[in-house]
Amino acid sequence: MQDAFTRQPTRIRGSLLPDAAGRAAIQDDHRRRLEALARLGEAAVQCGLRADTDRDLVLLAEDEVILLEGAGPEWAALGAAIRAFRGLLAFCPLAHFGFPESEDSPLEEANPLMRHVGSGVEAWAFQASGDGSIYKFYRPREEKRIGSEFGFVRGDETLLSARAGLGDYRAS
């Protein structure tokens with residue numbers, strides 16, 4: 001199957017859930033994206049680039065790095081790492097999903113292709129009018145983070161303590 005908006009292969013469409021092999025493939029795809037992101041981070045460090053967040057790495061402009069690829073093998077490796085990561089994760093402007101480009105808050109505008117189904121602290125959820133698939137659009141948060149991390153740790157005064165914090169792609 002192909003996603004109607006990104007034109008990328010997908011195993012999820014509407015209310016149809018993937019079988020066990022499809023779920024395993026989705027997890028493998030996610031693992032490969034995380035590995036590619038880690039390689040991208042390592043390549044950036046080799047070039048002396050410091051990224052405060054995953055967002056800084058993900059949005060690193062490939063066309064700026066292309067100009068430096070001839071400067072040495074570490075820059076060529078960074079360009080290759082950017083292309084490898086982007087090959088595993090589609091980047092699409094909101095306009096591809098039917099949101100207006102000219103608005104300050106496009107996700108809050110009416111959209112004929114997507115029906116707003118809910119909002120939370122970290123994201124908006126929309127249902128595609130074509131096939132009923134659900135899409136989640138994260139709100140950029142302080143420190144350029146998306147999502148949240150939540151977990152339990154052993155407590156000093158209690159058995160467990162809840163810990164919450166700003167998330168990133170690896171935690172989402």
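Refer to the structure above for everything that follows.
A few points on the structure. (Residues numbered from 1 in each chain as written. Predicted model: local features only at pLDDT ≥ 70, side-chain atom pairs only at ≥ 80, totals over all residues. Heavy atoms only, no water.)

## Considering the side chain of Glu69
Here is step 1 of the chain: Structurally, Glu69 is set in the loop between helix H3 (62–66) and helix H4 (73–88).
Here is step 2 of the chain: Classification of Glu69 as buried rests on a relative accessible area of 19%.
Here is step 3 of the chain: A polar contact is formed between the side chain of Glu69 and the side chain of Arg83, at a distance of 3.0 Å.
Here is step 4 of the chain: Residues contacting Glu69, with those up to four places away along its chain left out, are Trp75, Ala76, Gly79 and Arg83. (Helix = DSSP H or I, 4+ residues; strand = E, 2+ residues; numbered from the N terminus. Buried < 20%, exposed > 50% of the residue type's maximum accessible area, 1.4 Å probe, protein only. Polar contact = N/O pair within 3.5 Å; in protein donor to acceptor, adjacent residues only side chain to side chain. Contact = heavy atoms within 4.5 Å.)

## Here's the deal with the packing of aromatic side chains
Here is step 1 of the chain: Tallied over the entire structure, the rule returns seven aromatic pairs.
Here is step 2 of the chain: Residues Phe5 and Tyr135 carry aromatic rings whose centres are separated by 5.3 Å and whose planes lie at 90° to one another, so their mutual orientation is edge-to-face. Linking Phe5 in the segment before helix H1 (20–46) with Tyr135 in strand E3 (residues 134–138), this pair joins segments that are 130 residues apart in sequence.
Here is step 3 of the chain: For Tyr135, a relative accessible area of 13% corresponds to the buried category.
Here is step 4 of the chain: Between Phe97 and Tyr135, the ring centres sit 5.6 Å apart and the planes meet at 65°, which makes this aromatic pair edge-to-face. (Phe/Tyr/Trp six-rings, centres within 6.5 Å; stacked < 30°, edge-to-face > 60°.)

## Observations regarding the pattern of salt bridges
Here is step 1 of the chain: Per the stated rule, a full pass over the model turns up six salt bridges.
Here is step 2 of the chain: Across the pair Arg32 and Asp28 runs a salt bridge whose closest N-O atoms are separated by 3.5 Å. Separated by four residues within a single helix, Arg32 and Asp28 lie in helix H1, roughly one turn from each other.
Here is step 3 of the chain: Of the residues examined, Arg32 reaches a relative accessible area of 33% and is grouped as partly exposed. (Salt bridge = Lys/Arg side-chain N within 4 Å of Asp/Glu carboxyl O.)

## Let's talk about the side chain of Asp29
Here is step 1 of the chain: Along the chain, Asp29 turns up in helix H1.
Here is step 2 of the chain: On the accessibility criterion, Asp29 (19% relative accessible area) is buried.

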